[in-house]
Amino acid sequence: MIQTENDTLVIAGRSFRSRLLTGTGKFKDLDETRRATEAAGAEIVTVAIRRTNIGQDPSQPNLLDVLPPDRYTILPNTAGCYTADDAVRTLQLARELLDGHKLVKLEVLGDQRTLFPDVVQTLEAAERLVADGFDVMVYTSDDPLLARRLEQIGCVAIMPLAAPIGSGLGIQNRYNLLEIVENAKVPVLVDAGVGTASDAAIAMELGCDGVLMNTAIAGARDPVLMAHAMKLAIQAGRAAFRAGRIPRKRYASASSPIDGTIG
Amino acid sequence: MKITLNGDCHDVADTLTLEMLLQANGFGGKRVAVEVNRQIIPRSMYSEHAIRTGDRIEIVHAIGGG
C-alpha cells in the first residue's frame, strides 16, 4: 500500500487531504459549480464578496447552499480589489458573513490588463490583516524576495502566480517558483495561470504544496471532467515530487543489463 | 427618509431598524454581512440598529469567484 494518507497539507494549523483548491467563479450555474468542486475533490474553495442585488428574487439558491461551510473550508477572496483599503474592508465583511472565520485569500490587483498583483498594496494589506487576527493566504508575483517578506509579515501561505490570472499559459518561471518553495517555511501554492493538467503536475513536481485554480476548470469544454483531470494531476505531481525524480543527463543510459546479450 | 443602499438611493420609512430593512428586501435570516457608513454591524445588533437619514448601507454576500 502506497502511503499518501499522512501526506496532508497544513495551513494555519488545519490539515487538508486535498492539495487542489478551486475557485467558484465562471461556472454555468450552481449545479455545475457543485459537480466540478466534487470532481476536483477540493476541500478549500474560494468565494467572492459582492453586493447583494436589491430588488431581485432573494429566494434564489445561494452559493453557500451548494457548498456549505460545514463541509467546505470557504476562502473569501478579495479579487477585484485594487487598494489595500478595499481588500481589508472586504475581508472584514467576509469575517462577519462567515461567523468569525479567519482564513482568507488576499489579492490586491494593480492593472486590469494583466491582473498582476500590486505588491505594495498587497504588503500593506497583509500587515493590517495579520495585525487584525486574520490567517492570510496571499496572492503575489513570483518574486522570491517578496514571498519571503510576506512570510515574515506572518502570512500563512504564499501563493505566487504561474502566469496571469485566467491566461492558461502554464508555469512561466519554474526557477522562481523553485526558489520560493525552497526558501519558504509556510505552504507555497501556485495561484493563477494553470491551463491544463500537466501545468498542475509541474507545479507539484517543483515542490509546491498545492495549486489554486478556477478558469482552467470552469472554462474547459467539460468542466467536471477537467476538475477530475486536475485532481489526478495534482496527485501525480505530488507523488512524483515525493518519489524524487532522476537527474537529467545528456546521453542515454540503458535500462536493460549489458551482460548476457547474444551474439 | 433617503438612504444609499448598495450604491443606489432609496426612500424608506422614517422609523426603521436594520433588521426591518433586511426583511423588507428579502434578506431576513439570509447569510449576509452589513456595513453602515463603513462600520460593520454584527448580526446580533440588527434588531437594535436604527437606520438614519443619509446612511450609506452595504449588504454583501458570497458569490462565485476565484
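The sections below set out a description of the structure shown in this document. Being a predicted model, the structure only gives us computed values, none of them experimental.

**Structural notes on the nonpolar core**
- If you look at the biggest cluster of nonpolar residues, it comprises 70 residues, and the most contacted ones within it are Leu106(A), Leu150(A), Met213(A) and Met230(A).
- Element by element, the count of residues in this core is highest for helix α3 (residues 84–97) of chain A, at seven residues.
- Beyond its immediate stretch of four places on either side in the chain, Met230(A) contacts Leu20(A), Val194(A), Gly195(A), Thr196(A), Ala197(A), Ala200(A), Met213(A), Ala216(A) and Ile217(A).
- Within the second largest apolar cluster, 17 residues are counted, among which are Leu21(B), Leu22(B), Ile41(B) and Ile59(B).

**Topic: the packing of helix α4 (residues 119–131) of chain A against helix α5 (residues 144–153) of chain A**
Residue and element names in this part refer to chain A.
- Taken N-terminus to C-terminus, the directions of α4 and α5 make an angle of 15°; their axes are 9 Å apart at the nearest point. Taken together, the axis directions place α4 and α5 in an arrangement best described as roughly parallel. Like other packed secondary-structure pairs, α4 and α5 cross with a definite hand, here right-handed. Note on element contacts: α5 touches α4 through Leu146, Arg149, Leu150 and Ile153, opposite Val119, Thr122, Leu123, Ala126, Glu127 and Val130.

**Concerning empty space enclosed by the protein**
All names here are of chain A.
- Summed over all chains, the structure comprises one cavity of 30 Å³ or more.
- Here the largest cavity is characterised by a volume of approximately 40 Å³.
- Lining of the largest cavity is provided by Pro144, Ala147, Arg148, Glu151, Ile158, Ile180, Asn183 and Ala184.
- Those elements giving two or more residues to the lining of the largest cavity turn out to be α5 and α6 (174–183).
- Grouping the amino acids of the lining of the largest cavity by side-chain chemistry returns five nonpolar, one polar and two charged.

**Concerning the interface of chain B and chain A**
- Opposite the 28 residues of chain B that make contact, chain A presents 29 residues.
- Among the residues chain B hides against chain A, the three largest losses belong to Arg31(B), Ala62(B) and Gly66(B). Together they make up 24% of the total.
- If you look at where chain B meets chain A, you find four salt bridges.
- Across the pair Asp99(A) and Arg43(B) runs a salt bridge, and its minimum N-O distance is 2.8 Å.
- Put simply, chain B and chain A have 17 residue pairs in polar contact (both at pLDDT 80 or more) between them.
- For the side of chain B that touches chain A, the secondary-structure elements that each account for two or more residues are β3 (33–36), β4 (39–41) and β5 (56–64) of chain B.
- When grouped by side-chain class, the residues that make up the side of chain B that touches chain A number 13 nonpolar, nine polar and six charged.
- Across five bridges, strand β4 (residues 44–51) of chain A lies against β5(B) in antiparallel orientation. Across the sheet, residue Arg50(A) finds its bridge partner in β5(B), namely His61(B).

**Topic: helix α1 (residues 30–40) of chain A**
All names here are of chain A.
- Residues Glu32, Thr33, Ala36, Thr37, Ala39 and Ala40 constitute the buried set of α1. Axial view of α1: buried residues confined to an arc of 160°, hence all on one face.
- The elements touched by buried residues of α1 are β3 (20–23), β4, α2 (63–66), α8 (215–218) and α9 (223–243).
- Of the residues that open α1, the one with a side-chain oxygen 3.2 Å from the backbone nitrogen of aspartate 31 is aspartate 29.

**A short note on the side chain of Thr22(A)**
All names here are of chain A.
- Relative to the assigned elements, threonine 22 resides in strand β3.
- Residue classification places threonine 22 among the buried positions, given a relative accessible area of 3%.
- Not counting chain neighbours up to four residues away, the residues in contact with threonine 22 comprise Thr37, Ala40, Ala42, Ile44, Val45, Thr46, Leu212, Met213 and Ile217.

About the criteria used
- Residues numbered from 1 in each chain as written.
- Chains lettered and ligands numbered in written order.
- Predicted model: local features only at pLDDT ≥ 70, side-chain atom pairs only at ≥ 80, totals over all residues.
- Heavy atoms only, no water.
- Core = buried A, V, L, I, M, F, W, Y, C linked by side-chain atoms within 4.5 Å.
- Buried < 20%, exposed > 50% of the residue type's maximum accessible area, 1.4 Å probe, protein only.
- Helix = DSSP H or I, 4+ residues; strand = E, 2+ residues; numbered from the N terminus.
- Contact = heavy atoms within 4.5 Å.
- Axes fitted to C-alpha atoms, helices over the stretch in contact; angles between N-to-C directions.
- Parallel < 35°, antiparallel > 145°, perpendicular 65-115°, else oblique.
- Left-handed = near helix turned anticlockwise from the far one by under 90°.
- 1 Å grid on protein atoms, 1.4 Å probe; cavity = no way out; pocket = protein on both sides within 12 Å on 5 of 7 lines; lining within 4 Å.
- Points joined across faces, edges and corners; volume = space filled by probe spheres on them.
- Nonpolar A, V, L, I, M, F, W, Y, C, P; charged D, E, K, R; others polar.
- Buried area = accessible area lost by both parts, 1.4 Å probe.
- Salt bridge = Lys/Arg side-chain N within 4 Å of Asp/Glu carboxyl O.
- Polar contact = N/O pair within 3.5 Å; in protein donor to acceptor, adjacent residues only side chain to side chain.
- Pairing = 2+ DSSP bridges.
- Arc of directions from axis to C-beta.

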